[in-house]
Every structure is written in C-alpha cells, then in structure tokens.
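# Overview (structure and organization)
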Amino acid sequence: KNYVYTDVLLIFTLVSVLVTVLFSFPTVWMLATGQRRTAKFKRVFNSFCFSSTFWMFLTYPTMCMVIMATFRCQEVEEVWYLSIDFRERCSWTEPHSLLFVWGV
C-alpha cells in the first residue's frame, strides 16, 4: 500500500511506545494488587525491564531513521519537499506542522 509519510512516522513511533506499555501491564497489575514485596514481583519486573530493553534495541535504529527523514528535504522549483515523500512539504519550513512537532 502507498502510505503517506506522516502515517509511517506516526505508526513507527506509536507502535513502539504501545508495545512498551503492553509489556508494563503485568508489573502495574502486581503493584495495584499489593504484591510489590513478593519474589514473583521481582521476576515480573525483571522480565518487563528485559523485554522493553530488548524491544527498544530492535526498534530504535529504524525509528531513528524514520524520525530523521522528517528533516531531510529537497528543493523542487523553490518549494521544499521531504526527500522520502515528495507529496509532503518539508516540516522545518512550517514549524507548526504535525511532522515538525512530532519529529521533534
């Protein structure tokens, strides 16, 4: 499918955060039910730390490339466009645009 760059940027950044939030649910549940001082909580918390760190290790390079592409622009007939998607205007020429704000 032919996605607009804004969609790609939002998907890559939001999915990474949402997966990390999902990893935190067991830990939050145990905190909410008062199981903080148990040995099981330590195992669950360590699993959360490992899983979220590993997930960030896998997704961080791609996410950085997608975010940095937000600021790589090319001039065409005196108008700046994103180099990765010429349908989108360059974000730094419009500082209040969604691309600029989300990329920063």
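Above this note sits the structure.
The structure displayed is predicted, hence computed values, not measured ones.

Cut-offs and rules
- Residues numbered from 1 in each chain as written.
- Predicted model: local features only at pLDDT ≥ 70, side-chain atom pairs only at ≥ 80, totals over all residues.
- Heavy atoms only, no water.
- Salt bridge = Lys/Arg side-chain N within 4 Å of Asp/Glu carboxyl O.
- Buried < 20%, exposed > 50% of the residue type's maximum accessible area, 1.4 Å probe, protein only.
- Pairing = 2+ DSSP bridges.
- Helix = DSSP H or I, 4+ residues; strand = E, 2+ residues; numbered from the N terminus.
- Disulfide = S-S within 2.5 Å.

### Examining the pattern of salt bridges
Per the stated rule, a full pass over the model turns up one salt bridge. As a salt-bridge pair, Asp-85 and Arg-87 come within 2.9 Å of each other at their nearest N and O atoms. Look at Asp-85 and you get buried, because its relative accessible area is 8%.

### Looking at the pairing of strand E2 (residues 79–82)
One ladder, built from four bridges, connects strand E1 (residues 73–76) with E2; its direction is antiparallel. Within E2, the residue paired with Gln-74 across the bridge is Tyr-81. As consecutive antiparallel partners, E1 and E2 are separated by two residues, and within that stretch Glu-77 has a phi angle of approximately 50 degrees, a positive value.

### Considering the state of the cysteines
Scanning all chains against the criterion turns up one disulfide. The disulfide partner of Cys-73 is Cys-90, and the gap between their sulfur atoms is 1.7 Å. Residues Cys-73 and Cys-90 are joined through a disulfide that is right-handed, its torsion about the S-S bond being 70 degrees. Remark: Cys-90 occurs in the loop between E2 and helix H3 (98–103) and Cys-73 occurs in strand E1; sequence separation between them is 17 residues. For Cys-90, a relative accessible area of 1% puts it in the buried group. Not engaged in a disulfide, the cysteine Cys-64 finds its nearest cysteine sulfur in Cys-73; these two sulfurs lie 18 Å apart.

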